Structures are given as C-alpha cells and as structure tokens.
Amino acid sequence: MIFTKFKIKNLSLKNRIVMPPMCMYSADGAGFVQPFHLVHYGTRAQGGVGLIIIEATAVEARGRISGNDLGIWNDDQIPGLKSLLDIVHGFGSKIAIQLAHAGRKATIGQGISSWDLKFSDEYPTPIKMNDSDIDQVISAFGEGARRAQKIGFDMVEIHGAHGYLINQFISPLVNRREDSYGCKNGIGTKFLQEIIKSVKNNFKGPIGLRISAEEYSSDGLHPQNFLPMLSEIQQDHSTSVDLINVSSGGVIEKGFPSNVQPGYQIGFANEIKNGTKISILAGGMLRDPKMIDGILIDEKADLIWLGRELLRNPYWPLQALEHFKIEKDKPQQYKRAEPYFRNV
Ligand SMILES: Cc1cc2nc3c(=O)[nH]c(=O)nc-3n(C[C@H](O)[C@H](O)[C@H](O)COP(=O)(O)O)c2cc1C
C-alpha cells in the first residue's frame with residue numbers, strides 16, 4: 001500500500017511517503033537557499049520519498065521563526081528555490097513548499113498576532129494586528145504563492161498549525177478579537193479563508209493545509225471542532241483545499257502532548273478524514289513499515305509523513321521497498337550494494 005500511487009488533484013505521487021516540512025534554520029540571514037538545502041532535500045528525493053514538503057518558508061521577513069529561515073518574500077529568492085526544485089524533480093520526487101508566518105512566535109523582534117498575548121515569557125508581547133496589518137499579511141501569502149507558481153512547485157501547503165500566525169487566528173486560546181476576524185462558534189475562520197483565497201488566486205496547483213487538530217487544553221480545539229470550519233471552506237471553490245496535513249499542539253506554551261508513541265496523532269487524522277471528504281496526510285513518530293502500511297490499508301490516512309526518521313535515515317523508502325520485497329524505484333547506481341539495507 002505504501003508504494004501505490006496517489007493523486008492530489010492533478011498531482012501524481014509515486015508512493016504514499018511524504019517528508020513533512022522541517023525547519024533546518026540553515027538559510028543565510030536573508031532567507032536564501034544554501035548548498036545544505038540542495039543536498040538535504042536532494043538526498044531525500046534520491047532516497048525515494050514521493051512528496052517533499054519543504055520547511056516553513058516565510059512570506060514576510062518579520063514572519064520568520066529565526067533569522068535563518070528560508071524566505072519567499074522577494075523575487076531574488078526565486079532562483080535558489082528553483083535550483084532546489086530542479087534537484088528534487090531530477091530524482092523523481094514531487095515538491096511542495098510550506099508558506100508560513102510565525103506571528104507571535106517570531107524570534108527576530110516583536111511579532112504580530114491576532115491579540116496582544118505573548119506565547120511565553122521567552123517571547124515579546126506581539127502587536128495586535130489592525131485591518132491594514134491583516135491585509136498586508138494576506139497579500140504577502142498571495143505574493144509567496146505567485147512566486148511558488150513561477151518556480152514550479154507541485155503543491156503549496158499553508159501553515160495553519162503549531163501556533164504560528166494563522167493558528168493564532170483559528171484558536172480561541174489566542175484569538176480574543178470581537179471583530180469579523182474573531183472566533184465564531186468557537187473558531188476563527190475568516191483570516192484563514194482570506195489567506196486561502198489569496199493563495200489560490202496566485203497558485204493553480206493543489207493546496208494543502210496543515211492544522212493542529214488537537215490543542216491539548218480543555219479550553220482549546222479538538223478534531224471535531226475543525227469539522228464545521230473545514231466543511232465551510234470546502235463549500236466555496238475559492239477557499240477549498242485538496243489535502244489536510246493533520247498535526248497537533250504548539251498553540252500555547254503548555255499545549256503539547258505528555259505521552260507520545262508511534263501513531264499518536266493518527267486518531268486525530270482519522271476523525272478529520274471521517275468527517276470530511278478531503279485527502280489526509282498524517283504521521284507522528286512513525287517508522288515501522290508494517291504499521292504504516294496498516295494505517296493506509298485501514299484508510300485512516302491517504303498519505304503518511306516521516307519526519308525525524310527521514311532526518312536520521314534518508315533511505316527509509318528504499319529500505320521499506322526491500323522490506324516488502326518490491327523490485328522497483330531502486331537507484332541503479334547502488335544495485336551492486338544490495339541488499340543495502342538491514343533494518344527499518
Ligand atoms: C527539526 C524539525 C523542524 C520542524 N519544522 C517544521 C516546520 O517547518 N513546519 C511544520 O509544519 N512542522 C515542522 N516540524 C514538525 C514536523 O513536520 C513533524 O510534524 C514532527 O517532526 C512529527 O513527526 P515525526 O515524529 O515523524 O518527526 C518540525 C519538526 C522537526 C523535528
């Protein structure tokens with residue numbers, strides 16, 4: 001099942017293995033791609049990953065988590081990202097970009113947010129955004145999407161998770177606004193809707209959305225709380241998305257799971273999958289090919305990400321091929337080293 005094809009809109013993936021966005025904090029101080037990124041992502045493509053979603057890439061310089069985030073806020077950043085895309089495509093993988101804004105979780109100065117509430121004592125109190133700040137960020141996402149289209153990315157993922165700016169509007173734990181950008185029925189949808197519109201006006205491929213489906217707080221959101229919001233965005237062609245990447249946590253300082261084990265987020269993904277008709281990407285501490293295959297066979301998710309496992313082992317997909325005794329997609333250059341992999 002892992003090695004069956006999957007389509008997201010017009011995008012064909014050769015297997016169900018996804019590298020999720022993972023910040024490498026290795027750009028230069030101006031957000032430019034470095035040789036590290038080319039080798040890092042190129043190796044995972046060579047290792048057989050079906051879809052690589054590159055790390056949170058800032059749509060505004062002030063929206064960076066760190067001074068070494070990748071950026072897509074100006075046209076000069078296009079050629080570096082294009083080289084990255086060409087390398088990944090050259091090894092037969094598809095590549096998406098995660099468009100991001102850190103909001104109050106930026107560490108490079110005072111952040112902005114839906115409300116002037118700091119994330120923790122280690123962060124400055126953010127500026128509460130007014131309508132013009134909101135418009136600026138919405139158009140920055142649109143501009144990022146325009147550049148992503150120009151570069152040729154196969155998909156754009158909008159970062160609505162982990163307590164970053166979009167999540168700071170979605171979550172009632174952060175968003176206390178009483179204007180139209182506030183929470184209605186316990187969830188803040190409008191900022192997200194406008195960002196999706198802005199992105200879709202500029203990017204014609206499939207759109208993914210990452211959410212923190214569980215906030216690990218009794219006053220916070222749980223997977224079922226997302227269903228009305230997702231159903232609302234799907235009803236309108238200008239805001240509908242093609243893939244939900246179901247993650248969790250990071251919205252508030254204490255909002256992390258206490259007891260994690262492989263597959264701890266699959267239940268959340270399954271709830272979202274059962275409640276919507278949208279394709280689902282899920283993961284969390286996964287590495288066992290049999291377990292991953294089972295999740296796909298049971299239709300708890302359509303695609304599976306492996307994060308830290310792919311940092312440890314870029315050749316995980318090739319090892320899994322060997323595990324299932326599948327004779328395809330192995331790089332011919334390395335055939336003389338077979339069996340090259342021992343234990344996944
Ligand atoms: C080093 C590192 C950087 C990360 N950066 C991002 C990011 O840029 N965007 C994002 O949505 N998640 C980010 N994450 C979360 C991962 O995408 C993933 O959800 C998490 O690592 C759990 O999956 P895993 O257990 O397979 O590693 C990051 C995780 C790690 C370990």
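Residues numbered from 1 in each chain as written. Predicted model: local features only at pLDDT ≥ 70, side-chain atom pairs only at ≥ 80, totals over all residues. Heavy atoms only, no water.

Novice: Can you walk me through the site of the ligand in this structure?
Specialist: Contacts to the ligand come from 15 residues, most closely from Pro-21, Cys-23, Arg-210, Met-285 and Arg-308. Here an oxygen atom of the ligand sits 2.8 Å away from a polar atom, N or O, in the side chain of Arg-210. Within the contact set of the ligand, an oxygen atom lies 2.9 Å away from a backbone nitrogen or oxygen of Gly-307. About the coverage of the ligand: the protein hides 81% of its 610 Å² of free accessible area. A class-by-class count of the residues in the shell around the ligand yields 8 nonpolar, 5 polar and 2 charged. (Near = heavy atom within 4 Å. Polar contact = N/O pair within 3.5 Å; in protein donor to acceptor, adjacent residues only side chain to side chain. Areas by Shrake-Rupley, 256 points an atom, 1.4 Å probe, with all protein chains shown as cover. Nonpolar A, V, L, I, M, F, W, Y, C, P; charged D, E, K, R; others polar.)

Novice: Would you explain the confidence of the model for the protein chain in this entry?
Specialist: Reading fine detail from the predicted coordinates is not recommended where pLDDT is low. With 99% of its residues at a pLDDT of at least 70, the protein chain reaches an overall mean of 96. Taking the mean pLDDT of every element in the protein chain, the minimum, 92, falls on helix α10 (residues 316-323) and the maximum, 99, on strand β6 (residues 94-100). (pLDDT = per-residue confidence, 0-100. Helix = DSSP H or I, 4+ residues; strand = E, 2+ residues; numbered from the N terminus.)

Novice: Just checking my understanding: could you explain the pattern of salt bridges for this structure?
Specialist: Close approach of charged atoms allows side chains of opposite charge to pair. Evaluation of the coordinates by the stated rule reveals 13 salt bridges. Between Glu-143 and Arg-146 there is a salt bridge; the shortest N-O distance is 3.0 Å. Separated by 3 residues within a single helix, Glu-143 and Arg-146 lie in helix α3 (residues 131-151), roughly one turn from each other. Taking the relative accessible area as the measure of exposure, Glu-143 reaches 32% and is therefore partly exposed. (Salt bridge = Lys/Arg side-chain N within 4 Å of Asp/Glu carboxyl O. Buried < 20%, exposed > 50% of the residue type's maximum accessible area, 1.4 Å probe, protein only.)

Novice: Explain the pairing of strand β4 (residues 51-58) here, please?
Specialist: If a strand is regular, its side chains alternate between the two faces of the sheet. Of all 8 residues in β4, 8 are buried; the element is thus mostly enclosed. For strand β3 (residues 17-19) and β4, the ladder comprises 2 bridges, and the chain directions are parallel. Its bridge partner being in β4, Val-18 is matched across the sheet by Leu-51. As paired elements, β4 and β6 share 6 bridges and run parallel to each other. In the strand pairing of β6, Ala-58 is matched with Ala-100. As defined by bridge partners, β4 adjoins strand β5 (residues 70-71) across 2 bridges and the pair is classed as parallel. Paired with Thr-57 across the bridge in β5 is Leu-70. (Pairing = 2+ DSSP bridges.)

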